[in-house]
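# Coordinate analysis (summary)
Below are the chains, spelled out letter by letter.
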Amino acid sequence: MHSQQTKSKERVRNYGEVNTGEREVKAMCDLVKNETERIDSRFLEPACGDGNFLAEILTRKLEVVKRKYRKSPLDYEKNAVLAASSIYGVDILLDNVLACRARMFSIWDKAYREICKKECNEQTRDAVKFILSRNIVCGNALTLKCVDENGQETDEPIVFSEWAFITGSLLQRSDYTFAELLAENDEKKTRKPAQLSMLEEEQSSEEGKFLKKIVTHYRRVQEDE
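Reading the values: rules and limits
- Residues numbered from 1 in each chain as written.
- Predicted model: local features only at pLDDT ≥ 70, side-chain atom pairs only at ≥ 80, totals over all residues.
- Heavy atoms only, no water.
- Pairing = 2+ DSSP bridges.
- Helix = DSSP H or I, 4+ residues; strand = E, 2+ residues; numbered from the N terminus.
- Axes fitted to C-alpha atoms, helices over the stretch in contact; angles between N-to-C directions.
- Contact = heavy atoms within 4.5 Å.
- Phe/Tyr/Trp six-rings, centres within 6.5 Å; stacked < 30°, edge-to-face > 60°.
- Buried < 20%, exposed > 50% of the residue type's maximum accessible area, 1.4 Å probe, protein only.
- Patch = residues over 30% accessible without salt bridge, like charges linked within 9 Å, V, L, I, M, F, W, Y side chains within 5 Å.
- Areas by Shrake-Rupley, 256 points an atom, 1.4 Å probe, with all protein chains shown as cover.
- Salt bridge = Lys/Arg side-chain N within 4 Å of Asp/Glu carboxyl O.
- pLDDT = per-residue confidence, 0-100.

## Description of the sheet that holds strand 7 (residues 170-177)
Overall, antiparallel pairing links the three strands, which are arranged 6-7-8 in an open sheet. Because the sheet does not close on itself, it has two edges, and the strands there are strand 6 (159-167) and strand 8 (212-217). Between one strand axis and the next, the sheet turns through 25 degrees on average, direction left out of account. Of the strand pairs in this sheet, strand 6 and strand 7 are connected by eight bridges, and their pairing is antiparallel. The residue bridging Thr167 from the neighbouring strand is Leu170, located in strand 7. Contacts from helix 7 (residues 122-135) reach strand 6 and strand 7, with the element oriented near 135 degrees to strand 6.

In structure tokens:
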């Protein structure tokens with residue numbers, strides 16, 4: 001966990017960037033402890049910085065995967081992929097996005113190597129890197145638009161991929177615009193209490209359109225881009 005709460009006065013002034021401390025991160029995650037320990041529960045941090053909240057959530061999920069599947073490297077691998085695929089972040093600063101992706105992969109890969117050892121698979125590592133590149137995006141969560149490397153807003157909408165194992169080793173990727181996901185989540189909030197996990201398990205085909213749907217082996221998701 002990073003202890004430094006601010007990187008520069010300029011970043012605080014221009015972007016309001018203040019990193020949440022470790023104690024506060026853990027305390028807030030404890031408020032939804034059951035969700036943070038459910039492997040497929042989806043979480044979104046709309047101003048993720050370099051990943052203090054997301055790293056804590058991934059660490060907790062991977063501990064559950066380890067506890068449940070450590071005796072079967074293949075089952076561990078699939079569920080570790082699922083854990084990584086369920087966490088999302090947006091940040092307006094590209095350096096934060098790149099640092100967050102690298103941090104998340106480092107946490108994931110360390111846990112993967114600990115359990116799977118010689119059975120670790122490079123394709124799986126590449127797949128997780130690709131999933132993180134889709135899930136941690138550079139954009140403005142207020143306008144729901146992507147930003148370029150200079151922090152300038154573009155006309156391109158933020159798009160997230162929903163990942164779900166459908167049978168055996170087949171992983172389904174369904175792309176939605178961020179705006180559609182938020183609209184659907186707002187409607188669901190009228191039917192049940194809100195949770196910190198914004199991206200829900202179920203997506204109604206009547207609420208927003210799919211931009212793209214792809215089904216492939218989870219080790220080859222990066223080949224379909």
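## Comments concerning the packing of aromatic side chains
Under the defined criterion, the tally for this structure stands at six aromatic pairs. For the ring pair Tyr88 and Phe160, a centre distance of 5.2 Å and an interplane angle of 80 degrees mean the geometry is edge-to-face. You can see Tyr88 sitting in strand 2 (residues 87-91) and its partner Phe160 sitting in strand 6, a full 72 residues away along the chain. Phe160 carries the same exposure label as Tyr88, and that label is buried. Ring centres of Trp108 and Tyr112 lie 4.6 Å apart, and the angle between their planes is 35 degrees; this geometry places the pair in the tilted category. On the criterion of helical spacing, the pair formed by Trp108 and Tyr112 is a turn pair, its members being four residues apart in helix 6 (residues 94-116). In terms of burial, Trp108 and Tyr112 fall into one category: buried. Through pairs of rings, three or more aromatic residues link up here, namely Tyr88, Phe160 and Phe178.

## A closer look at the sheet that holds strand 2
Taken in spatial order, the five strands make up an open sheet running 1-2-3-4-5, and their pairing is mixed. Each edge of the open sheet carries a strand with a single partner, namely strand 1 (43-45) and strand 5 (153-157). The sheet shows a mean angle of 45 degrees between the axes of neighbouring strands, taken without regard to direction. In the sheet, strand 2 pairs with strand 3 (residues 136-140) via three bridges, with the strands oriented parallel. Pairing of Gly89 across the sheet is with Ile136, part of strand 3. Helix 6 rests against strand 2 and strand 3 of the sheet, and its axis sits at about 160 degrees to strand 3.

## Some words on a nonpolar patch on the surface
On the surface, Ile166, Leu170 and Val215 cluster together into a nonpolar patch covering about 220 Å² of accessible area. Residue position: Ile166 is located in strand 6.

## What to know about the confidence of the model for the chain
When pLDDT is averaged across the chain, the result is 84; 78% of the residues are at 70 or more. Considering only residues more than four positions removed or in separate chains, one finds that residues 190-209, a stretch of pLDDT under 50, has 42 contacts.

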